[in-house]
Amino acid sequence: MSLVTLNGIWKTFGSRSILEGLDFEIGERARIGVVGPNGSGKSTLLRIVAGREEADGGEVVRRRGVTISYLEQHPLGDGRTPLERIRAGRPDLHELEEELAVCAERLGTPEIVSDLDRMTRVLRQQEQLLERYHAAGGPGFDGRAHSYLDDLGLGGPDAELPTSALSGGQRKLVELAACLAQAPDVLLLDEPEAHLDSAGRGLVEKLVSTFDGAIAIVSHDRYLLDETVSQIAELGRGRIRMWPGNYSAYTLARELEAQRQQVLYTTQQKEIARLEEAVRRFKDWAHRVVDERHIKQARNKQRQIDRMEKIERPVLERRKIALRLHPHQRGGQRVFELRSAGVSFGDDPVLVDVDLTVLHGERVGIVGENGAGKSVLLKLLVGELRPTEGEVWLGPSIRIGYLAQDQETLAPGATPLETVRGARPFTEGEAVSVLMKFLFSYEQVRRPNRLLSGGERTRLQLLLLMLSGANLLVLDEPTNHLDIDSIEVLESQLETFEGTAVFTSHDRYFLDRIADRIIEVGDGEVRSHEGGYSDWFESRARVPA
């Protein structure tokens, strides 16, 4: 039975149509993964389902009494603690508590105590409020809230901090706990994996798997989509198409369908060509010899062509970013070294006595918990931070290309057009052309960078990397907010890149495919493991507790 149904939904931003007559349904206990290119309208779709945004046309039908919780993509912190934020997600309980407090106060006043009828009415009201409070789960709410926070690793001192002081990943987990505390029938998750480390992503997988209601997830984490969903909603050209199975099943089914359609399309085109040649031949005969039969045969063949249900040419490969990573020069064999390097912020050491050598051609994946110092290590390497002890040595012919996690390398007030022309002396036409090859529309190239989505800003940074000709790529969470097609292009280019790449990532597919060496950061130390992510993960599992 349907909990939420969208019929013929239209949504436009300026002159750009995002959703065009879209139909979508979320049933009881559904497990739906929503996929599609950056800018296709995935977040907009979830906001419309949640009632956070109005559609320009069409109908949204929600079952009476249904509770929908929405985890937004970029939750902002404020002065409230995690527990206070969770309580704020249940304003109904707060109102009932206030009404019960008013009843208790009235029962102690002399005018009520001296009037039996009035006291009876107040007691009856209090009883009704208590019934509603119990039915809403009020008595055990704080205990459940603490349990959610503990399950998400947010117990202890972190639970007393304002959410503004927490990391982006921790704020995401607090918001997820607030969603779960609402006991929703439908849980909408917009990139729940963003900014979370591997442990955090594992917690999200566990909670999603055990959640009793319906879930729709926008995600670019292929592991998460494989482990948690049973349907894929593919959003493209303003419409939804549903596919059964998880993400791997969806990619296989889509590829097989495209191949089948290619065979049918080719067969039909051959038949059309044969009939068109017959029409041409009969017309030629009718022109040479006046014979009504030739004219009729030509007409019959043309009718056969016109009556065919035409098979569209299959899209064997969707349009993707034209990323090409080529270093301007090879660089030396030793790319960089950290020599007894350390970084401290005040009395807080983040990295201590680190020795690390990276050689030409290596693909080094850096892993560790949030806050362990992964980004600090990369900023030390690119020169954004200076070591408080030891030194950083960089090869003399090494040119660094840096992709920052929070896109702070992009000027927020500049446009993509200005950004690209600042990096390379292009004409305006050349800059527009290269931006459009990275899937920017003609209108987008003239908007300020701050108005771009997270995925669009990452695409712009990848374009700048390509133009830099760097032979050492330093990438801080390069897959964050990128759609899956763009991630796969990046993976393909890194595999064939003739330089060196050092990157942090929590994307397990990405690490498995690209890294040939894992650097684990934790407790101020840096530990090197030869082999890929799966090898490192299995070696950790073998270590006795």
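Our subject is the structure that appears above.
Below is a summary of the structure that appears in this document. Because the structure is a prediction, the values reported are computed rather than measured. (Residues numbered from 1 in each chain as written. Predicted model: local features only at pLDDT ≥ 70, side-chain atom pairs only at ≥ 80, totals over all residues. Heavy atoms only, no water.)

Thoughts on the sheet that holds strand E18 (residues 525-530)
Here is step 1: The strand order E14-E15-E16-E12-E17-E18 describes an open sheet built from six strands, whose pairing is mixed. This sheet does not close on itself; its edge strands, each paired only once, are strand E14 (400-403) and E18. Mean inter-strand twist for the sheet, computed between neighbouring axes without regard to direction, equals 15°.
Here is step 2: Where strand E15 (residues 472-476) and strand E16 (residues 500-504) come together, five bridges link them in parallel fashion. When the sheet's bridge partners are listed, Asp-476 is paired in E16 with Thr-504.
Here is step 3: The sheet contacts of helix H12 (residues 374-382) involve strand E12 (363-367), E14, E15, E16 and strand E17 (517-522), and relative to E15 the element is tilted by about 150°.
Here is step 4: Helix H16 (residues 484-496) contacts E12, E15 and E16 of the sheet and is inclined by roughly 130° relative to E12. (Pairing = 2+ DSSP bridges. Helix = DSSP H or I, 4+ residues; strand = E, 2+ residues; numbered from the N terminus. Axes fitted to C-alpha atoms, helices over the stretch in contact; angles between N-to-C directions. Contact = heavy atoms within 4.5 Å.)

Focus: helix H13 (residues 416-423)
Here is step 1: Of all the residues in H13, the buried ones are Pro-416, Leu-417, Thr-419 and Val-420. Buried residues of H13, seen end-on, are gathered within an arc of 165° and therefore sit on one face of the element.
Here is step 2: Buried residues in H13 make contact with helix H14 (428-436) and helix H15 (454-468). (Buried < 20%, exposed > 50% of the residue type's maximum accessible area, 1.4 Å probe, protein only. Arc of directions from axis to C-beta.)

Re the side chain of Thr-44
Here is step 1: Summarising the element assignment, Thr-44 is placed in helix H1 (residues 42-50).
Here is step 2: Of the residues examined, Thr-44 reaches a relative accessible area of 6% and is grouped as buried.
Here is step 3: Here Thr-44 is in contact with Lys-11, Phe-13, Leu-19 and Glu-53, once residues within four sequence places are set aside.

Points about the packing of aromatic side chains
Here is step 1: With the rule as written, the count across this model stands at eight aromatic pairs.
Here is step 2: Between Trp-243 and Tyr-250, the ring centres sit 5.6 Å apart and the planes meet at 75°, which makes this aromatic pair edge-to-face. As far as the burial class goes, Trp-243 and Tyr-250 line up, both buried.
Here is step 3: Relative to Trp-285, the ring of Phe-282 lies with its centre 5.4 Å away and its plane at 85°, an arrangement referred to as edge-to-face. Here Phe-282 pairs with Trp-285, and both are found in helix H10 (residues 247-288), just three residues apart, close to one helical turn. (Phe/Tyr/Trp six-rings, centres within 6.5 Å; stacked < 30°, edge-to-face > 60°.)

Some points on the packing of helix H3 (residues 91-107) against helix H5 (residues 116-135)
Here is step 1: Where H3 contacts H5, the two axes come as close as 10 Å, and the packing angle between them is 155°. Taken together, the axis directions place H3 and H5 in an arrangement best described as roughly antiparallel. The chirality of how H3 crosses H5 is left-handed. Contacts between H3 and H5 involve Leu-93, Leu-96, Glu-97, Glu-99, Leu-100, Cys-103, Ala-104, Arg-106 and Leu-107 from the first element and Met-119, Val-122, Leu-123, Gln-125, Gln-126, Leu-129, Leu-130, Arg-132 and Tyr-133 from the second.
Here is step 2: For the contact of H3 with H5, the class distribution of residues is twelve nonpolar, two polar and four charged. (Parallel < 35°, antiparallel > 145°, perpendicular 65-115°, else oblique. Left-handed = near helix turned anticlockwise from the far one by under 90°. Nonpolar A, V, L, I, M, F, W, Y, C, P; charged D, E, K, R; others polar.)

Observations regarding the environment of Leu-462
Here is step 1: On the secondary structure map, Leu-462 appears in helix H15.
Here is step 2: Classification of Leu-462 as buried rests on a relative accessible area of 0%.
Here is step 3: As a C-alpha pair, Leu-462 and Ala-165 span 297 residues in sequence and 30 Å in three-dimensional space.
Here is step 4: For Leu-462, the contacting residues outside a window of four places in its chain are Ile-321, Leu-323, Leu-403, Phe-438, Leu-482 and Leu-490.

What about the environment of His-220?
Here is step 1: Considering the arrangement of structural elements, one finds His-220 in the loop between strand E7 (214-218) and helix H9 (222-228).
Here is step 2: Measuring from C-alpha to C-alpha, the distance between His-220 and Val-34 comes to 9.2 Å, with 186 residues separating the pair along the chain.
Here is step 3: Only 3.3 Å separates the side chain of His-220 from the side chain of Glu-191, close enough to count as a polar contact.
Here is step 4: A polar atom in the side chain of His-220 sits 3.4 Å from the backbone oxygen of Leu-482. (Polar contact = N/O pair within 3.5 Å; in protein donor to acceptor, adjacent residues only side chain to side chain.)

A word on the pairing of E17
Here is step 1: Here E17 lies mainly inside the structure; six of its six residues are buried.
Here is step 2: Of the two faces of E17, the one lined by Arg-517, Ile-519 and Val-521 and the one lined by Ile-518, Glu-520 and Gly-522 are each fully buried.
Here is step 3: In this structure, E12 lies alongside E17, joined through four bridges in parallel fashion. The residue bridging Gly-365 from the neighbouring strand is Ile-518, located in E17.
Here is step 4: Between E17 and E18, which pair antiparallel in sequence order, lie two residues; one of them, Asp-523, sits at a positive phi of approximately 55°.

Some details on the sheet that holds strand E11 (residues 348-359)
Adjacent strands of a sheet form backbone hydrogen bonds with each other and so pair up, either parallel or antiparallel.
Here is step 1: Taken together, the three strands give an open sheet; going across it, the order is E11-E10-E13, and neighbouring strands pair in antiparallel fashion. A strand with exactly one partner marks an edge of an open sheet, and here the two such strands are E11 and strand E13 (389-394). Here the average twist between neighbouring strands, direction ignored, is 15°.
Here is step 2: As judged from the five bridges shared by strand E10 (residues 334-345) and E13, these two strands associate in the antiparallel manner. Counterpart to Arg-339 in the pairing with E13 is Glu-391.
Here is step 3: Helix-sheet contacts for H12 involve E10, E11 and E13, and the interaxial angle to E10 is about 120°.

A closer look at the pattern of salt bridges
Here is step 1: Counting across every chain of the model gives 28 salt bridges.
Here is step 2: Here Arg-334 ties to Glu-337 by a salt bridge, and the two come within 2.6 Å at their closest N and O atoms.
Here is step 3: Among the charged side chains, a network of salt bridges with common partners joins Arg-222, Glu-491, Glu-495, Asp-507 and Arg-513. (Salt bridge = Lys/Arg side-chain N within 4 Å of Asp/Glu carboxyl O.)

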